[in-house]
Amino acid sequence: MSDFNQINRRGLVLVGCGRMGGAMLTGWLARGLEPGAVTVLDPRLAPEWQDRGLRVNAALPERPAVLVLAVKPQMMGDALAAMPDLSDTLVISVAAGTTIATFEAAFPGAPIVRVMPNTPAAIGQGISAMIGNGAATPAHLDLTEALMRAVGRVVRLDREDQMDAVTGLSGSGPAYVFHLIEAMAAAGEAQGLPAALALELARVTVAGAGALAVDADEDPAVLRQNVTSPNGTTAAGLAVLMDADTGLPPLMARTVAAATERAKELGRELGRA
Ligand SMILES: NC(=O)c1ccc[n+]([C@@H]2O[C@H](COP(=O)([O-])OP(=O)(O)OC[C@H]3O[C@@H](n4cnc5c(N)ncnc54)[C@H](OP(=O)(O)O)[C@@H]3O)[C@@H](O)[C@H]2O)c1
């Protein structure tokens, strides 16, 4: 892919190749990033990444095109301390909470883009939100977008402070949906269904509804109404789920607020470190 020509020439360094780093690397390799152009730094790299032609825990190229930081926020200080001067390199971080200012202190003058992806990236169905610093040119933003498009959709933010709410919504969101599946399956079981059957019904219902909603012309509210017969079964269920005091809306509001607040807190903790 032509988007990756520059990276194939100058190299990409991936620091941290766990769940998120690994998901992104899978997408990039599938879309034409040459394994020999990738230096992976991860002290305990998973066996699946060995013997793939990647440069594993090797010396960094002199002027890599891109440095991608995908370690846990709490590990970021150690990872940054081990980096050489990379002022000519586009720095991309996917770490929750860790602010652009933290990276600007580590890489003065460098173009920096903060990205918040999510784990459906592992199957090319993630969504990433991104925002760059003042040194990030339109070309840097386009390159970041091309990289993240390899694992799903991309949205651009207006302000960095939106990143904490993005983290609380779409970054953490897959876990909420997995828990919805767990809760629906348990509820089906409580109504007498065998566990395996209830789980399959819950899984495929959530997957199918998600697929129906993702590119629908209709609003999700209309899709919901399409399921709901007057005085029928769905209406009875939704009366509980949509209760303004005890239903999903206040629960989800508290859930996303707690995750957003934790992202802010991480930023404050790491800013002090
Ligand atoms: N998972 C998600 O849903 C998600 C979504 C959006 C953003 N993120 C962000 O993505 C980042 C990574 O999360 P993750 O879930 O992928 O974590 P992870 O699976 O633990 O991956 C991080 C990897 O980095 C390695 N590592 C630790 N210290 C390192 C260092 N100094 N240099 C190089 N590698 C190092 C870890 O090795 P050890 O395991 O041996 O420590 C691990 O293999 C986090 O900042 C997180 O906020 C995650």
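Predicted, not measured: the structure shown is a model, and the values here were computed from it.

Draft legend 1. Representation of the overall build of the chain in the model. When its secondary structure is counted, the chain shows eleven helices and eight strands. Going through the 273 residues of the chain one by one, you find that 41% of them count as buried. For the chain, the share of sequence-separated contacts (at least 6 apart) that also reach a separation of at least 24 residues comes to 58%. When the accessible surface of the chain is totalled, it reaches about 14,600 Å², and 58% of it is carbon and sulfur. Mean positive and mean negative side-chain charge positions of the chain (21 and 28 charges, respectively) differ by 3 Å.

Draft legend 2. Just the UniProt feature "domain: Pyrroline-5-carboxylate reductase catalytic N-terminal" (unreviewed entry) in the chain, in detail. Feature annotation in UniProt assigns "domain: Pyrroline-5-carboxylate reductase catalytic N-terminal" (unreviewed entry) to the following positions: residues 14–97. A distance of 19 Å separates the end C-alpha atoms of residues 14–97, which is 21% helix and 19% strand.

Draft legend 3. Quick look at the nonpolar core. Among the nonpolar cores identified, the biggest contains 37 residues, and Ile7, Leu12, Leu25, Trp28 and Val66 are the most heavily contacted of them. If you list the elements that add at least two residues to this core, you get strand 1 (12–15), helix 2 (19–30), strand 2 (38–41), strand 4 (66–69), strand 5 (90–93), strand 6 (112–116) and helix 5 (138–149). It is helix 2 that contributes the most residues to this core, six residues altogether. Apart from the residues within four sequence positions on either side, tryptophan 28 is in contact with Phe4, Leu12, Leu33, Val68, Leu147 and Ala150. Ranked by size, the runner-up nonpolar core spans 27 residues in total, among them Val15, Phe107, Ala110 and Ile112.

Draft legend 4. Fine view of the site of the ligand. Neighbouring the ligand are 22 residues, the closest being Met20, Asp42, Arg44, Val71 and Ala96. One of the side-chain nitrogen or oxygen atoms of aspartate 42 is found 2.7 Å away from an oxygen atom of the ligand. A distance of 2.7 Å separates an oxygen atom of the ligand from a polar side-chain atom of arginine 44. Notes on the ligand: free accessible area 880 Å², of which the protein chains cover 79%. Looking at side-chain class alone, the shell around the ligand contains 15 nonpolar, three polar and four charged residues.

Draft legend 5. Broad picture of the UniProt feature "domain: Pyrroline-5-carboxylate reductase dimerisation" (unreviewed entry) in the chain. Mapped onto this numbering, the UniProt entry annotates "domain: Pyrroline-5-carboxylate reductase dimerisation" (unreviewed entry) at residues 160–266. Annotated as residues 160–266, this span is 78% helix and 0% strand, and its ends, taken at the C-alpha atoms, are 14 Å apart.

Draft legend 6. Here's a closer look at the sheet that holds strand 2. Read across the sheet, eight strands follow the order 3-2-1-4-5-6-7-8 without closing on themselves; strand pairing throughout is mixed. The sheet terminates laterally at strand 3 (55–56) and strand 8 (152–156), the two strands that pair on one side only. Taken together, the five bridges between strand 7 (residues 126–132) and strand 8 define a ladder with parallel strand orientation. Bridge pairing in strand 8 places alanine 129 opposite valine 155. Across the sheet, helix 2 is in contact with strand 1, strand 2 and strand 4; its angle to strand 1 comes to roughly 155 degrees. Taken strand by strand, helix 6 (residues 163–171) contacts strand 6 and strand 7, and its axis lies near 35 degrees from that of strand 6.

Draft legend 7. Highlighting the pattern of salt bridges. Going through the model one piece at a time under the given rule, you end up with eleven salt bridges. Measuring nitrogen to oxygen at the nearest pair gives 2.9 Å for the salt bridge that ties aspartate 161 to arginine 159. With its nearest N and O atoms 2.6 Å apart, the salt bridge here joins arginine 262 to glutamate 265. Of this pair, arginine 262 and glutamate 265 both sit in helix 11 (residues 248–272), three residues apart, roughly one helical turn. Judged by its relative accessible area of 32%, glutamate 265 is partly exposed. One salt-bridge network, in which partners are shared between bridges, spans Asp142, Glu145, Arg149 and Arg156.

Draft legend 8. Highlighting the confidence of the model for the chain. On average, the chain scores 95 in pLDDT, and the residues at 70 or more come to 99%. Here the prediction assigns the complex a pTM of 0.96, and the interface score ipTM is 0.98.

So, how was this worked out
Residues numbered from 1 in each chain as written. Predicted model: local features only at pLDDT ≥ 70, side-chain atom pairs only at ≥ 80, totals over all residues. Heavy atoms only, no water. Helix = DSSP H or I, 4+ residues; strand = E, 2+ residues; numbered from the N terminus. Buried < 20%, exposed > 50% of the residue type's maximum accessible area, 1.4 Å probe, protein only. Contact = heavy atoms within 4.5 Å. Areas by Shrake-Rupley, 256 points an atom, 1.4 Å probe, with all protein chains shown as cover. Lys, Arg positive; Asp, Glu negative; His and termini not counted. Charge placed at Lys NZ, Arg CZ, Asp CG, Glu CD. UniProt positions renumbered as here; feature names shortened; annotations may be inferred. Core = buried A, V, L, I, M, F, W, Y, C linked by side-chain atoms within 4.5 Å. Near = heavy atom within 4 Å. Polar contact = N/O pair within 3.5 Å; in protein donor to acceptor, adjacent residues only side chain to side chain. Nonpolar A, V, L, I, M, F, W, Y, C, P; charged D, E, K, R; others polar. Pairing = 2+ DSSP bridges. Axes fitted to C-alpha atoms, helices over the stretch in contact; angles between N-to-C directions. Salt bridge = Lys/Arg side-chain N within 4 Å of Asp/Glu carboxyl O. pLDDT = per-residue confidence, 0-100.

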